[in-house]
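Coordinates in review
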Amino acid sequence: ATNSTDNSTDNSTDKAAASASNVIEVTKQHKRLGELAHESQRHSDNLLGNIVSETRWLPLRAEERGAIAASAFGAGFGGSVWALVKSEDADEFKHAWANDYSQKYPQSAARATFFTMRPGPGARQIERY
């Protein structure tokens, strides 16, 4: 009689557990990013008072449409709004969000531009030679 151990099941289980753990961590990070963006938007509106109705409404609508996070940015009193969504949802989200905006603000829609992009690398120090 021989005795052998099949570790493939253990390895598969370990990989699945690690993957699930990673998904949970990313979900927590997305939730926190959404909270921070929402708080920043609220502070711009309530403390700085530099948000117009369009840039107040767009992040809220983005969140309603399932964006991970959204907020206005710029110098205020107009400006831009960003929304973070999963890349596989980006085009559909963009078209729906733009359509929502056109219906809500038809007078401003002709001047608005909606586009998708991938985020670039974060801030980093460049070494001098």
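Before any of the text, the structure's been laid out above.
The model shown is predicted, which means the values in this text are computed figures rather than measured ones.

**Notes on the overall build of the protein**
Assigned secondary structure in the protein consists of 4 helices and 2 strands. Secondary structure elements in the protein, listed N-terminal to C-terminal, are α-α-β-β-α-α. Here the contacts in the protein between residues at least 6 apart in sequence split such that 46% fall between residues at least 24 apart. Surface exposure of the protein reaches about 10,000 Å², of which carbon and sulfur atoms provide 51%.

**With respect to the pairing of strand 1 (residues 69-73)**
Burial analysis of strand 1 places 4 of its 5 residues in the buried class, which makes it a mostly covered element. Bridge analysis of strand 1 against strand 2 (residues 80-84) gives 5 bridges, and the strand direction is antiparallel. The residue of strand 2 that forms the bridge with A69 is L84.

**What to know about the pattern of salt bridges**
Going through the model one piece at a time under the given rule, you end up with 6 salt bridges. Here R61 and E64 are joined by a salt bridge, their closest N and O atoms 2.9 Å apart. Placement of both R61 and E64 in helix 2 (residues 53-64) is noted, with a separation of 3 residues, approximately one turn of the helix. Residue D100 is joined to R65 by a salt bridge in which the shortest nitrogen-to-oxygen separation is 2.5 Å.

**Things to note about the packing of aromatic side chains**
Per the stated rule, a full pass over the model turns up 5 aromatic pairs. The interplanar angle of 70° and the centroid separation of 5.8 Å between the aromatic rings of W57 and Y105 together place this pair among those described as edge-to-face. On the criterion of sequence distance, the pair formed by W57 in helix 2 and Y105 in the loop between helix 3 (90-104) and helix 4 (106-109) is long-range, its members being 48 residues apart. What makes W57 buried here is its relative accessible area of 18%. A residue is classified by how much of its surface remains accessible, and Y105, at 9% relative accessible area, is buried. Three or more aromatic residues link up through ring pairs in this structure, and these residues are W57, F93, W97, Y101, Y105 and F114.

**With respect to the nonpolar core**
Ranked by internal contacts, the top residues of the largest apolar core, which has 15 residues, are L58, A62, F93, W97 and Y101. At the level of elements, helix 2, strand 1 and helix 3 are the ones that each hand at least two residues to this core. Ranked by the residues each element gives to this core, the list is headed by helix 3, at 4 residues. Look past the residues within four positions of A62 in its chain and what remains in contact with it is A67, A70, A83, F93 and W97.

**Regarding helix 2**
Relative to the 16 Å expected for 12 residues at 1.5 Å per residue, helix 2 spans 17 Å between its end C-alpha atoms, a close match to the ideal helical length. Every buried residue belonging to helix 2 is among E54, T55, W57, L58, P59 and A62, and all of these are buried.

**Quick word on the environment of K86**
As for its position among the elements, K86 is in the loop between strand 2 and helix 3. Between the C-alpha atoms of K86 and G66, which are 20 residues apart in sequence, the distance is 9.6 Å.

**Side note on helix 3**
Between its first and last C-alpha atoms helix 3 spans 21 Å; for 15 residues at 1.5 Å apiece the expected length is 21 Å, and the two agree. Restricting attention to buried positions, one finds in helix 3 the residues A90, F93, K94, W97, A98, D100 and Y101. All buried residues of helix 3 fall inside an arc of 160° around its axis, so they share one side. Summarising the geometry of helix 3, the exposed residues directed more than 90 degrees from the buried face are E92, H95 and Q103. Where the residues of helix 3 are buried, they touch helix 2, strand 2 and helix 4.

Cut-offs applied
Residues numbered from 1 in each chain as written. Predicted model: local features only at pLDDT ≥ 70, side-chain atom pairs only at ≥ 80, totals over all residues. Heavy atoms only, no water. Helix = DSSP H or I, 4+ residues; strand = E, 2+ residues; numbered from the N terminus. Contact = heavy atoms within 4.5 Å. Areas by Shrake-Rupley, 256 points an atom, 1.4 Å probe, with all protein chains shown as cover. Buried < 20%, exposed > 50% of the residue type's maximum accessible area, 1.4 Å probe, protein only. Pairing = 2+ DSSP bridges. Salt bridge = Lys/Arg side-chain N within 4 Å of Asp/Glu carboxyl O. Phe/Tyr/Trp six-rings, centres within 6.5 Å; stacked < 30°, edge-to-face > 60°. Core = buried A, V, L, I, M, F, W, Y, C linked by side-chain atoms within 4.5 Å. Expected span 1.5 Å × (residues − 1). Arc of directions from axis to C-beta.

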